[in-house]
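Examination of the molecular architecture
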Amino acid sequence: MDSRPDDETLLLAVAERDMGAFRTLYERHAGWLAIRLARRCNDRDLVADAIQDTFVAVWQKPRGFRGDGDIAAWLWGIAIRRLVSRLRTRSGVAAVFENAGVAPAAEDQVLLSVEYGDIGQALARLSPEMRAVIQAVVLDGLSAKEAAHLLQVPVSSVKTRLYRARAHLRAALAEGPS
Amino acid sequence: MTGWHLDDDMLRRYVERTDSLAEGASAEQHLLACEPCRARVNAAASVIELSVIDLAAVWGHTRDAIEVPRPSVFERLLRGAGLPAPEARLVAVASAFRGVWLAGVAAVLAFAALAAAFGHARGVWVFLAVAPIVPCLVVAAGYDPWMDPALEPELVTPYPALRLILLRTIAVLALALPAVLLFGLLVPGETAFAWLLPAVGFVAVVLAASTWVSPLRAAIAVSSAWLAVVSLLAARSGSADAVLQARAQAGFLALAAASFAIFLVRRRRLRQLRTWR
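For clarity, every value in this text was computed on a predicted model and none was experimentally measured.

Each value, and the rule that gives it
- Residues numbered from 1 in each chain as written.
- Chains lettered and ligands numbered in written order.
- Predicted model: local features only at pLDDT ≥ 70, side-chain atom pairs only at ≥ 80, totals over all residues.
- Helix = DSSP H or I, 4+ residues; strand = E, 2+ residues; numbered from the N terminus.
- Buried ≥ 20, exposed ≤ 12 C-beta atoms within 10 Å, placed from the backbone.
- Contact = placed C-beta atoms within 7 Å.
- Nonpolar A, V, L, I, M, F, W, Y, C, P; charged D, E, K, R; others polar.
- Core = buried A, V, L, I, M, F, W, Y, C linked by C-beta atoms within 7 Å.
- Expected span 1.5 Å × (residues − 1).
- Arc of directions from axis to C-beta.

Our next topic: the overall build of chain B. On a plain count of helices and strands, chain B comes out with 16 helices and zero strands. In chain B, which comprises 277 residues, the share counted as buried stands at 40%. A separation of at least 24 residues holds for 74% of the contacts in chain B among residues at least 6 apart in sequence.

Turning our attention to unusual backbone geometry. In this structure, Gln 152 of chain A takes a positive phi of about 60 degrees despite not being glycine. Summarising the element assignment, Gln 152 of chain A is placed in the loop between α8 (144-151) and α9 (155-175). Not every positive phi belongs to a glycine, and Arg 17 of chain B is a case in point at roughly 65 degrees. Its place among the elements puts Arg 17 of chain B in the loop between α1 (8-16) and α2 (21-33).

Below, the discussion takes up the interface of chain A and chain B. Taken together, the contacts link 35 residues of chain A with 29 residues of chain B. Contributions of two or more residues to the side of chain A that touches chain B are made by α2 (19-38), α3 (44-60), α4 (71-89), α5 (98-101), α6 (106-124) and α7 (128-139) of chain A. Among the residues making up the side of chain A that touches chain B, the classes are represented as 24 nonpolar, five polar and six charged.

Here we come to the nonpolar core. Core analysis: the largest hydrophobic core is formed by 63 residues, its most contacted members being Ala 34, Val 47, Ile 51, Leu 83 and Val 133 of chain A. Ranked by the residues each element gives to this core, the list is headed by α2 of chain A, at eleven residues. In this view, Val 133 of chain A contacts Ala 147, Leu 151, Val 158, Arg 161, Leu 162 and Ala 165 of chain A; residues no more than four positions away in its chain are not counted. One finds Phe 127, Ala 161, Ala 171 and Val 203 of chain B within the second-largest nonpolar core, a separate group that totals 60 residues.

Let's shift gears to the environment of Arg 131 of chain A. Structurally, the position occupied by Arg 131 of chain A is in helix α7. Arg 131 of chain A sits 31 residues away from Leu 162 of chain A along the chain, and the two C-alpha atoms are 8.9 Å apart.

As a further point, take helix α4 (residues 55-67) of chain B. With 13 residues, α4 of chain B extends 18 Å from end C-alpha to end C-alpha; this agrees with the ideal 18 Å at 1.5 Å per step. All of the buried residues in α4 of chain B are Leu 55, Val 58 and Thr 62 of chain B. Along the axis of α4 of chain B, the buried positions cluster into a sector of 55 degrees, meaning they face one direction only. In α4 of chain B, the exposed residues that point more than 90 degrees away from the buried face are Ala 56, Ala 57, Gly 60, Asp 64 and Glu 67 of chain B. Those residues of α4 of chain B hidden inside the fold are in contact with α2 and α3 of chain A.

Below is the structure:
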């Protein structure tokens, strides 16, 4: 690698109130965090607010990182929860899972089945609602309550959709590719 | 690290959000662990029109948010009491709330109360001389333009000067009165509370007088007068009874009411507070 400081060095410098290191950390992570958050929420202002909240939290508690795993994963954990709490205070903004509604083109579908095999196809057959729940709970690691805030549905719906999605995937994987 | 990276097509689909859930999920999982690919996403995002989030502006807001100083303990107390944030700031910036100043006031009071507790008759006189003038001195310091240079521009803003000064006065008294009361507990007998009405009267006099002269000047004049009266009484009778008498206390009450009325009538003058110098 080149001589640029790694994220942990930057975070230590941020703990010493180093604004330059903070800026570098921001430039390194704000972009992809914004892209990933925007995949969870269509309201760009909310995403921008969540990014701001995330980095303010990092500045205030840089020692919140315990040194386990990647700093990127730690940042994402903060960011998605900041987005959830921003959504909680502003009602009426629907978090839309845009990609859930876009069907992959036929050739992409073939590529996908090559690359991901049965799971990719099984996931693709889930309804958009179930995919959203899988994404929030399984992939983003949110609790059922947090997922409910993000998706603006009752907690009970999150739980039943998750249950159904799992049953669906299990059945699809058991019967093999169609 | 596996050597596997997002290829350009996957990257484009990820940023454009045309990928499937499975592909997006593996891209995201990979991005958490792969700095080079994150940098590529950042670069792609800045090129592709899709990320309309203005990250430079967000950085500006973030900087603003972390550079705002934390409100002082007192300001947070005021906000807790229901005062809107901008008003709490206006009230709390008064010099009187700086810790050193409060510590000085507390030291004077402690000295007076100790003198009263251990020095018998003469000590009670010291307390009676000091306690009533502390609140009016603190109030004057709370809005004298000399103590708080920021006050002059504040007073010419549309914000009502009367409200500002009264809010500061109440806030200062909320700090100073309990302190004096607490130290007063060290003082034996009724003297412990005899200073209250004189103190209220002097605060009102200072408020009224500040429509003519600088608040600090008014407070110092009132304090000097009170000290002169007390020492005169002490020299003549050697007892604190005169101030405790109902008639004297009623006089202080009347003084407070009259002064406050004058203050309200002349409140327009508050916009051009006289400075100490």
